[in-house]
Structures are given as C-alpha cells and as structure tokens.
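Structural description and commentary
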Amino acid sequence: MTAVVLVIDTATPAVTAAVVRRGAGPGELLAERVTRDPRAHAECLTPNVLGALVDAALRMGDLDAVVVGCGPGPFTGLRVGMATAAAYGHALGIPVHGVCSLDGIGGQTRGDVLVVTDARRREVYWARYRDGRRTGGPAVAALADVDTAGLTAVAGSPEHAAQVGVPVVGPEYPSPLALVGAVPDWEAEPDPLVPLYLRRPDAKTLAERGLR
C-alpha cells in the first residue's frame, strides 16, 4: 500500500522538508527543499514544507503521515522541527513518526561506519552503523573519546569526520528516504515524540542556577 509522507528534519544545519511516496522498496522522493543555515530553522522550515508540496504537485490534504527527525541535535532546532511536525499531524489527523536523525545518515551507508554531527562545546553526536543498521549510540562525547576501532568509514559533519582518520563518505545530512526507512513499524500506533537532546539545554531556571 502506498502512502504520501511529509518528512521533516532540523537536527543539523540542514533545514529539510521533503515529500516521499512510500511503497514497496526504498520509496520515491517526490520533492525536497533544503536550506543549510544553522540559525534559520524557524524561518525556513514552513516555506520549505510548502515549497516541497508545490514541487510535488500535492496539497496538505494529500498527506498520509509525517516523519520527523528527533535528533540528537541542538535544543532550538529540534524544538522547531518536532513542534511543526506535531502541529501538521494534529491538524490533518495523520500519524507522526519520530526517528533518530542520525539514522537518516547512517541508513545510507555500508560497512562499519561512524556517523558524527556537530554537538558544539567541542563535542559530537555520534552513532555506529553496520550495513545501514545502528549498532551503537546515539550519544554525545568529545571526538577523541569515541571508539573508532574497526571502522571502515565515517560520515556526517565533514569538519569532524576528517579528524577520525578513516575514509570519509557521504552523506553529510539526513536523507528523507533514509528517515522514512527508519520507521520501525508503519502499522503500529506511533510512540509519543521524544527529542534526543542527550544533554540538558544551556538555559537554566533560577533554581537550577542556585538563585532561589
């Protein structure tokens, strides 16, 4: 059975919105709009969603489901993407499936691959994959503390991947088809959306700062 899926990911500097027709096999990418700007998630996401629908010659009412990357990623970016996905799902009465954003990168790789994305603070978000299936992570750590034994390649952030010492392969950002492929069970009721922050946000309450 085919279905038209809206795909959203804001866990990296790539603000991604895409429309995928899911069916037998890997699915078909009907349209994709990507803006690479780590500071423009809120400004770019909705225009990208609307633009992708126009490019696919579809309307909101044609959507059957939403898939959204739940991180790991920065607090603000994830909040924008996940809140937007939840709003579309509620308004249209369609299911919203949350998946690990790193699976949108690692799911396209072969061999023993490490995926890394920028976590700031001189750290990376990482996960390990074997032939496209996650075998470790997601987690956050300094790159020097990530186990790289047995790797055949590294993908994700080029700046960080180049420091690992094994061949660097693409992709740099999550792929809509790989994000759709990361949904474990399309027939089951989706779990509640849970962001993979992996650490507390920089902002703290007065109580947390010991001021009350």
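See the structure shown above.
Here goes a summary of the coordinates provided. Everything quoted here is computed from the prediction, not taken from an experiment.

**Concerning the nonpolar core**
With 24 residues, the main nonpolar core has Leu 6, Ile 8, Leu 45, Val 49, Val 66 and Val 68 as its most contacted residues. Examining the composition of this core, we find that five residues originate from one element, helix α1 (residues 41-55), more than from any other. The contact partners of Val 49, leaving out residues within four places of it in the chain, are Leu 6, Ile 8, Ala 17, Met 60 and Tyr 88.

**As for helix α2 (residues 75-92)**
With 18 residues, α2 should reach 26 Å at 1.5 Å per residue; the first-to-last C-alpha distance of 26 Å fits that figure. Of all the positions in α2, only Gly 77, Leu 78, Val 80, Gly 81, Met 82, Thr 84, Ala 85, Tyr 88 and Gly 89 are classed as buried. In the core, the buried residues of α2 are packed alongside β1 (3-9), α1, β4 (65-69) and β5 (96-99). Gly 93 lies just past α2 and shows a positive phi near 70°.

**Describing the sheet that holds β5**
Pairing is mixed across the open sheet formed by five strands, whose spatial order is β3-β2-β1-β4-β5. Each of the sheet's edge strands pairs with one partner strand only, and the pair in question is β3 (28-36) and β5. This sheet shows a mean twist of 15° between the axes of neighbouring strands, independent of strand direction. Relative to β3, strand β2 (residues 14-22) runs antiparallel, the two being bridged by eight bridges. The residue bridging Arg 21 from the neighbouring strand is Glu 28, located in β3. Sheet strands in contact with α1 are β1, β2 and β3, and its direction is about 25° off that of β2. Along the sheet, α2 makes contact with β1, β4 and β5, crossing β4 at roughly 170°.

**Thoughts on the sheet that holds strand β9 (residues 153-156)**
Ordered by their spatial adjacency, four strands build an open sheet running β8-β7-β6-β9, and the pairing between neighbours is mixed. Both edges of this open sheet fall to β8 (133-141) and β9, since each of them pairs with a single strand only. Across the sheet, the mean angle from the axis of one strand to that of its neighbour is 20°, orientation sign disregarded. Sheet topology places strand β6 (residues 112-120) next to strand β7 (residues 123-130); eight bridges connect them, and they run antiparallel. Of the residues in β7, the one forming a bridge with Arg 120 is Glu 123.

What counts, and at which threshold
Residues numbered from 1 in each chain as written. Predicted model: local features only at pLDDT ≥ 70, side-chain atom pairs only at ≥ 80, totals over all residues. Heavy atoms only, no water. Core = buried A, V, L, I, M, F, W, Y, C linked by side-chain atoms within 4.5 Å. Buried < 20%, exposed > 50% of the residue type's maximum accessible area, 1.4 Å probe, protein only. Helix = DSSP H or I, 4+ residues; strand = E, 2+ residues; numbered from the N terminus. Contact = heavy atoms within 4.5 Å. Expected span 1.5 Å × (residues − 1). Pairing = 2+ DSSP bridges. Axes fitted to C-alpha atoms, helices over the stretch in contact; angles between N-to-C directions.

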